[in-house]
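# Coordinate analysis (summary)
So you can see what is in the structure, the chains are spelled out below.
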Amino acid sequence: MAIAMGLARCNVVRYFGAREEIYLQLGAECWHGWRDVGLERIDAGDDVVVALVETLDARPLFCDLPRHR
């Protein structure tokens, strides 16, 4: 994973003790971003289901994260 990001493994391990911590951090950040955008659209009057589906569809990384354990 570190190589894919262009970083040395030791630099990644310095901030994250394990790969799972990286996924948890990414998941939390993606969740908050999705929640915020979804709520904005719902508050603006968009259909709830449409708003949630479209905002999820725009976040493929968020949808793929649960596969990585």
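Keep in mind the model is a prediction, meaning the values are calculated, not measured. (Residues numbered from 1 in each chain as written. Predicted model: local features only at pLDDT ≥ 70, side-chain atom pairs only at ≥ 80, totals over all residues. Heavy atoms only, no water.)

### Here's the deal with the environment of Leu 26
Tracing the sequence through the fold places Leu 26 in helix α2 (residues 19-43). Through-space distance from the C-alpha of Leu 26 to that of Leu 61 is 8.9 Å; in sequence the pair is 35 residues apart. (Helix = DSSP H or I, 4+ residues; strand = E, 2+ residues; numbered from the N terminus.)

### Let's talk about the nonpolar core
Soluble globular proteins: nonpolar side chains tend toward being buried together. By size, the foremost hydrophobic cluster in this structure holds five residues: Tyr 23, Cys 30, Trp 34, Phe 62 and Leu 65. Examining the composition of this core, we find that three residues originate from one element, α2, more than from any other. (Core = buried A, V, L, I, M, F, W, Y, C linked by side-chain atoms within 4.5 Å. Buried < 20%, exposed > 50% of the residue type's maximum accessible area, 1.4 Å probe, protein only.)

### Section: the packing of α2 against helix α3 (residues 48-57)
For any two helices packed against each other, one specifies the inter-axial angle together with the distance between the axes. Two elements in contact, α2 and α3, have axes whose closest approach is 9 Å; the angle formed by their N-to-C orientations is 145°. Between α2 and α3 the crossing geometry is right-handed. Between α2, through Trp 34, Val 37, Gly 38, Arg 41 and Ile 42, and α3, the contact on the second element is made entirely by Val 48, Val 50, Ala 51, Leu 52, Glu 54, Thr 55 and Leu 56. The class makeup of the residues in the contact of α2 with α3 is eight nonpolar, two polar and two charged. (Axes fitted to C-alpha atoms, helices over the stretch in contact; angles between N-to-C directions. Left-handed = near helix turned anticlockwise from the far one by under 90°. Contact = heavy atoms within 4.5 Å. Nonpolar A, V, L, I, M, F, W, Y, C, P; charged D, E, K, R; others polar.)

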